[in-house]
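Chain by chain, the residues run as shown.
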Amino acid sequence: LALAILRAAREEAQDAGARFVVLRLPNRQELVGWREGRRGAAVSLLEVCGDEFEIIDPTRALLGAWERVGPEGLFTRSMGHYSGAGNEVVARVVAGALGS
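Residue numbers restart at each chain and count upward from 1, following the sequence in its written direction. Given that the model is predicted, a residue must reach a pLDDT of at least 70 before its local features are reported, and side-chain atom pairs must reach 80 or more before they are shown or counted; all residues, however, enter totals for whole chains, interfaces and linings. Just so you know, side-chain values use all the structure's heavy atoms and leave hydrogens and water out.

Undergrad: How would you explain the overall build of the protein chain if you had to name every residue and give the values?
TA: Runs of E in the DSSP output that reach at least two residues are strands. Runs of H or I that reach at least four are helices, and both are numbered from the N terminus. Within the protein chain one finds six helices and two strands. In sequence order, the secondary structure elements of the protein chain are arranged as α-β-α-α-β-α-α-α. With respect to the principal axes defined by its C-alpha atoms, the protein chain has extents near 40 × 25 × 25 Å. Exposed residues in this analysis have more than 50% of their type's maximum accessible area, buried residues have under 20%, and partly exposed residues fall in between, with area computed by a 1.4 Å probe over protein chains only. Every one of the 100 residues in the protein chain was classed for burial, and the buried ones make up 29%. Contacts are residue-level and defined by heavy atoms, with any inter-residue pair within 4.5 Å sufficient. Long-range contacts, defined as pairs at least 24 residues apart, comprise 66% of the intrachain contacts of the protein chain with a sequence gap of at least 6. Of the roughly 6,400 Å² that the protein chain leaves accessible, carbon and sulfur atoms contribute 54%. Averaging the coordinates of the 12 positive side-chain charges in the protein chain and doing the same for the 13 negative ones gives two points 7 Å apart. Note on areas: these come from Shrake-Rupley sampling with a 1.4 Å probe, and a residue is covered only by the protein chains present in the view. His is not counted here, nor are the chain ends, while Lys and Arg score as positive and Asp and Glu score as negative. Where a charge lies is defined by one atom per residue type, namely NZ (Lys), CZ (Arg), CG (Asp) and CD (Glu).

Undergrad: Mind laying out the packing of helix H4 (residues 59-69) against helix H6 (residues 84-99), listing which residues take part and the relevant values?
TA: Direction vectors running N to C along H4 and H6 enclose 145°, while the axes themselves pass 9 Å from each other. Remark: the crossing between H4 and H6 carries right-handed chirality. Counted together, Ala61, Leu62 and Ala65 of H4 and Gly86, Val89, Val90 and Val93 of H6 form the full contact between these two elements. Looking at the contact of H4 with H6, its residues break down into six nonpolar, one polar and no charged. Whenever a helix is involved, its axis is fitted only over the stretch in contact; in every case the axis is a line through C-alpha atoms, and angles between N-to-C directions fall within 0 to 180 degrees. When the near helix sits turned anticlockwise from the far one by under a right angle, the crossing is termed left-handed; a clockwise turn instead gives a right-handed crossing. Only Asp, Glu, Lys and Arg are considered charged, only Ala, Val, Leu, Ile, Met, Phe, Trp, Tyr, Cys and Pro nonpolar, and every remaining residue, Gly among them, polar.

Undergrad: Describe in detail the pattern of salt bridges, supporting the description with residues and values.
TA: Salt bridges are defined by distance alone: a side-chain nitrogen of Lys or Arg within 4 Å of a carboxyl oxygen of Asp or Glu. A full pass over the atoms with the stated rule returns nine salt bridges. A salt bridge links Arg28 to Glu72; the nearest nitrogen and oxygen atoms lie 3.6 Å apart. Residue Arg28 is found in helix H2 (residues 28-35), and its partner Glu72 is found in helix H5 (residues 71-74); the two are separated by 44 residues along the sequence. Arg28 sits in the partly exposed class, given a relative accessible area of 30%. For Glu36, the salt bridge goes to Arg38, with nearest N and O atoms at 2.3 Å.

Shown next, in the form of structure tokens:
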């Protein structure tokens, strides 16, 4: 089902003359899992999609930032959304990928 949705979205983007990319936005729990050596279901889906879709995945950059600022520096306390620092990491990765 996920692949069918992505294929339909890609077709719509291409019909509109746009570039279609899949952006992975790992949450706090996923990053904790990566740090502990666990890979989640999202990784399996990305592996399946990797041959068919352009994927931007800021996970490694977020893990590097985690080492510098800790989870409190990457996520807000209330809702678990990315903080300003977390958004900056994602923005740099996206800009680098789209600029190439």
